[in-house]
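So you can see what is in the structure, the chains are spelled out below.
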Amino acid sequence: MITTTALVVGNMIGSGIFVLPATLAKYGSISLLGWIFTAAGALVLAKIFANLSKIVHNKSGGPYVFARAGFGDFIGFLVAWGYWISVWVVNAGIAVAIIGALSVFFPSLEDNAMVSVTIGLAFIWFFTWVNIRGIKLSGKFAVITTAFKLLPLVSIILVGIFFFDADNFPAFNSSAASDFDAFSAVATLTLFAFLGIETATIPAENIKQPQKTISRATMLGTVIATLVYVLSTVVLFGLLPVEQLASSPAPFAEAGAVIAGTNGSYFIAAGALVAAIGALNGWTLVVGQLPMAMARDQVFPASFALKNKQDAPFLGLLLGGILSSGIMLMNFTDSLVDQFEFIALLTTLCCLVPYLFVAAAYVLITREKGVFSNRKVQITALSALGVIYSIWAIYGSGAETVLYGTFLLFAGLPLFAWMKYQQKRKR
């Protein structure tokens with residue numbers, strides 16, 4: 001239970017919360033409404049995943065397994081493909097956040113793109129190696145880093161309130177967009193920090209008593225993350241002027257400096273560094289599990305189902321490392337904040353498609369398993385809320401992000417067609 005909850009909290013409270021306040025600052029305090037709205041939507045999705053884990057368990061793959069159980073191979077493939085893309089893209093975003101935390105100790109990293117990218121790539125490949133060494137080592141790492149990452153965040157919340165300056169608090173909507181468009185944008189951006197609500201369902205085969213443990217860990221982890229996100233953002237808005245906050249690659253570290261000078265800045269930056277490192281470890285674990293689950297169902301090349309002596313799906317991990325490295329290299333000329341916003345939006349869209357289909361599959365799976373008839377109203381309402389929320393968030397991600405995300409999703413169709421062709425040839 002502790003390790004599984006740590007995986008959920010560790011993957012959620014990663015790079016997002018430490019960098020997002022800078023991205024949100026340009027929208028104003030309307031972003032707090034975005035946090036609350038997103039938290040409500042995330043809790044709905046978490047409840048769906050928690051309930052499905054009780055019905056469909058003992059099989060790794062999470063969103064892919066649920067979508068395939070509800071809609072069949074094609075939708076299952078699209079969900080797995082989109083989710084898998086979101087994972088290796090988010091790993092590049094986390095590497096950017098690691099560089100942002102390190103820039104507090106080494107300010108030259110903000111202006112030296114080559115060194116920054118090299119460090120980011122080194123972290124990506126270090127954790128690829130850690131996960132190739134097996135899930136037990138990765139799980140222990142998750143527990144340790146989760147404990148250390150919560151300490152600076154809780155410290156900012158408890159101590160920062162005494163340094164709160166209402167004059168720093170941003171206007172309701174300081175962007176050029178309408179209130180509705182600004183709210184939609186921040187709702188999608190804040191969802192980036194909630195990506196990970198489903199991670200306990202992915203390595204289900206490796207979890208003891210999954211039907212109980214996964215459900216509890218998913219809900220508890222989501223509640224913990226929600227409280228930390230909303231409270232820390234409110235405090236941060238009162239600690240730093242909006243102009244400083246909007247351009248900062250490490251806003252929590254600058255807030256630490258307001259509270260306790262240079263030592264406070266270093267303390268928070270160290271926590272942010274540990275948080276991002278822990279999240280990179282957790283998401284790297286996931287990037288190998290999904291291709292393995294797809295390969296077992298013959299919708300991904302069979303070689304990705306192979307495991308090494310440490311029981312790790314090494315080919316998926318290696319391919320994920322290569323693709324994350326490519327995303328970093330594509331955007332290394334942008335500022336850290338701009339890189340992070342692009343990666344956050346693209347990742348969120350690729351993840352929202354799986355969330356949408358899993359929410360819709362909830363009704364179908366419960367009907368098939370004989371659960372629906374006893375709880376028709378609750379199941380239908382929860383499924384509908386999950387679908388509506390996912391569609392809203394897709395709208396909020398913007399036309400450019402939808403275009404890139406749609407292209408990436410459809411890029412997988414030739415692979416699906418080829419795998420189906422191979423299946424027919426073998427019959």
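Residues numbered from 1 in each chain as written. Predicted model: local features only at pLDDT ≥ 70, side-chain atom pairs only at ≥ 80, totals over all residues. Heavy atoms only, no water.

Q: What am I meant to see in the overall build of the chain here?
A: For the chain, the count of helices and strands is 16 helices and zero strands. In terms of overall dimensions, the chain is globule-like: its C-alpha atoms have a radius of gyration of 21 Å, near the 22 Å expected for 427 residues. Along the first, second and third principal axes, the C-alpha set of the chain runs to 70 × 45 × 40 Å. Counting all 427 residues of the chain, 59% fall into the buried class. The long-range fraction of contacts in the chain, counting pairs at least 24 apart against all pairs at least 6 apart in sequence, stands at 83%. Just so you have it, the chain exposes about 16600 Å², and 67% of that area is on carbon and sulfur atoms. (Helix = DSSP H or I, 4+ residues; strand = E, 2+ residues; numbered from the N terminus. Rg over C-alpha atoms; globule rule 2.2 N^0.38 Å. Buried < 20%, exposed > 50% of the residue type's maximum accessible area, 1.4 Å probe, protein only. Contact = heavy atoms within 4.5 Å. Areas by Shrake-Rupley, 256 points an atom, 1.4 Å probe, with all protein chains shown as cover.)

Q: Where do I start with the nonpolar core in this structure?
A: Nonpolar side chains tend to gather and get buried jointly when the protein is soluble and globular. Judged by nonpolar contacts, the single largest core of 122 residues is most densely connected at Trp35, Tyr229 and Trp283. Sorting elements by how many residues they give to this core places helix α5 (residues 73-105) first, with 19 residues. (Core = buried A, V, L, I, M, F, W, Y, C linked by side-chain atoms within 4.5 Å.)

Q: Is there a simple way to explain the environment of Leu356 in this structure?
A: As for its position among the elements, Leu356 is in helix α13 (residues 336-368). A sequence separation of 50 residues divides Leu356 from Thr406, and the C-alpha atoms of the two residues are 14 Å apart. Residues in contact with Leu356, not counting those within four places in the same chain, are Val387, Ser390, Ile391 and Ile394.

Q: Looking at this structure, how should I read a nonpolar patch on the surface?
A: A cluster of nonpolar residues, Val154, Leu158, Val159, Ile161, Phe162, Phe163, Phe164, Phe169 and Val258, forms a patch on the protein surface that exposes about 820 Å² of accessible area. In terms of residues, the nonpolar patch owes the most to one element, helix α7 (residues 135-160), which gives three residues. Along the chain, the position of Phe164 falls in the loop between α7 and α8 (179-191). What makes Phe164 partly exposed here is its relative accessible area of 33%. (Patch = residues over 30% accessible without salt bridge, like charges linked within 9 Å, V, L, I, M, F, W, Y side chains within 5 Å. Salt bridge = Lys/Arg side-chain N within 4 Å of Asp/Glu carboxyl O.)

Q: Hey, could you run me through the packing of α5 against helix α6 (residues 113-132) in this one?
A: A pair of packed helices is captured by two measures, namely the crossing angle of their axes and the spacing between those axes. The N-to-C vectors of α5 and α6 enclose an angle of 120°; their axes lie 9 Å apart at closest approach. As far as their axial angle goes, α6 and α5 are oblique. Helix-helix and strand crossings are classified by hand; for α5 and α6 the assignment is right-handed. On α6, the residues that touch Asn91, Ala95, Ile98, Ile99 and Leu102 of α5 are Ser116, Val117, Ile119, Gly120, Phe123 and Ile124. Looking at side-chain class alone, the contact of α5 with α6 contains eight nonpolar, three polar and no charged residues. (Axes fitted to C-alpha atoms, helices over the stretch in contact; angles between N-to-C directions. Parallel < 35°, antiparallel > 145°, perpendicular 65-115°, else oblique. Left-handed = near helix turned anticlockwise from the far one by under 90°. Nonpolar A, V, L, I, M, F, W, Y, C, P; charged D, E, K, R; others polar.)

Q: Before we go on, may I ask you to explain the packing of helix α4 (residues 63-71) against α5 in this structure?
A: The N-to-C vectors of α4 and α5 enclose an angle of 160°; their axes lie 7 Å apart at closest approach. By the angle between their axes, α4 is roughly antiparallel relative to α5. Handedness of the α4/α5 crossing: right-handed. Judged by residue contacts, Pro63, Tyr64, Ala67, Arg68 and Phe71 of α4 engage Asp73, Ile75, Gly76, Phe77, Val79, Ala80 and Tyr83 from α5.

Q: It is not clear to me how the side chain of Ser116 should be interpreted in this structure. Could you clarify?
A: Mapped onto the elements of the fold, Ser116 is located in helix α6. Residues in contact with Ser116, not counting those within four places in the same chain, are Ile99 and Leu109.

Q: Whenever I open this one, the packing of aromatic side chains confuses me. Can you help?
A: How two aromatic rings sit relative to each other is given by the distance of their centres and the angle of their planes. This structure, assessed with the given rule, holds 24 aromatic pairs. With centroids separated by 6.1 Å and ring planes inclined at 45°, the aromatic side chains of Phe164 and Phe169 adopt a geometry described as tilted. Feature note: the residues Phe74, Phe77, Trp81, Trp84, Trp88, Phe300, Phe304 and Phe416 constitute an aromatic cluster, connected by ring pairs. (Phe/Tyr/Trp six-rings, centres within 6.5 Å; stacked < 30°, edge-to-face > 60°.)

Q: Can you walk me through helix α15 (residues 399-410) in this structure?
A: Working note: α-helix, 3.6 residues per turn, so residues spaced by three or four point in the same direction. For α15, built from 12 residues, the straight-helix expectation of 16 Å at 1.5 Å per residue is met to within 8% by its first-to-last C-alpha distance of 16 Å. Of all the positions in α15, only Thr401, Gly405, Leu408 and Leu409 are classed as buried. The buried residues of α15 all sit within an arc of 100° when viewed along its axis, so they share a single face. Of the residues in α15, the exposed ones pointing more than 90 degrees away from the buried face are Ala399, Glu400, Leu403 and Phe407. (Expected span 1.5 Å × (residues − 1). Arc of directions from axis to C-beta.)

Q: When you look at a positive patch on the surface in this model, what are you seeing that I'm missing?
A: Taken together, Lys47, Lys54, Lys212, Arg216 and Arg375 make up a surface patch of like positive charges. Looking at where Lys212 falls in the secondary structure, it is placed in helix α9 (residues 210-239). The class for Lys212 is partly exposed, based on a relative accessible area of 46%. (Lys, Arg positive; Asp, Glu negative; His and termini not counted. Charge placed at Lys NZ, Arg CZ, Asp CG, Glu CD.)

Q: So what exactly am I meant to see when it comes to the environment of Ile156 here?
A: Structurally, Ile156 can be placed in helix α7. Linking Ile156 and Leu231, residues 75 residues apart in sequence, is a C-alpha distance of 9.3 Å. In this structure, Ile156 is in contact with Ile161, Val235, Phe252, Ala255, Gly256, Ile259 and Ile268, ignoring residues within four places of it in sequence.

Q: Looking at this model, I keep getting lost on the pattern of salt bridges. Mind explaining?
A: Side chains that carry opposite charge are capable of pairing whenever their charged atoms lie near each other. Scanning all chains against the criterion turns up four salt bridges. Among the salt bridges present, the one from Asp297 reaches Arg68, with a minimum N-O distance of 3.7 Å. Taken together, the positions of Asp297 in the loop between α11 (251-296) and α12 (314-330) and Arg68 in helix α4 put the pair 229 residues apart, joining distant regions of the chain. Exposure remark for Arg68: the relative accessible area of 27% places this residue in the partly exposed category. By sharing partners, the salt bridges in this structure join Arg68, Asp73, Asp297 and Lys420 into a single network.

Q: How should I be thinking about the environment of Ala269 in this particular structure?
A: Locating Ala269 in the fold gives a position in helix α11. Overall, the relative accessible area of 1% leaves Ala269 in the buried class. With 18 residues separating them in the primary sequence, Ala269 and Pro251 have C-alpha atoms 9.1 Å apart.

Q: Can you walk me through unusual backbone geometry in this structure?
A: Residues other than glycine predominantly adopt negative phi, and peptide bonds predominantly adopt the trans conformation. For Gln298, which is not a glycine, the phi torsion comes out positive at approximately 65°. Mapped onto the elements, Gln298 comes out in the loop between α11 and α12. Positive phi outside glycine occurs at Asp311, with the angle close to 65°. The exposure class of Asp311 is partly exposed, given its relative accessible area of 40%.

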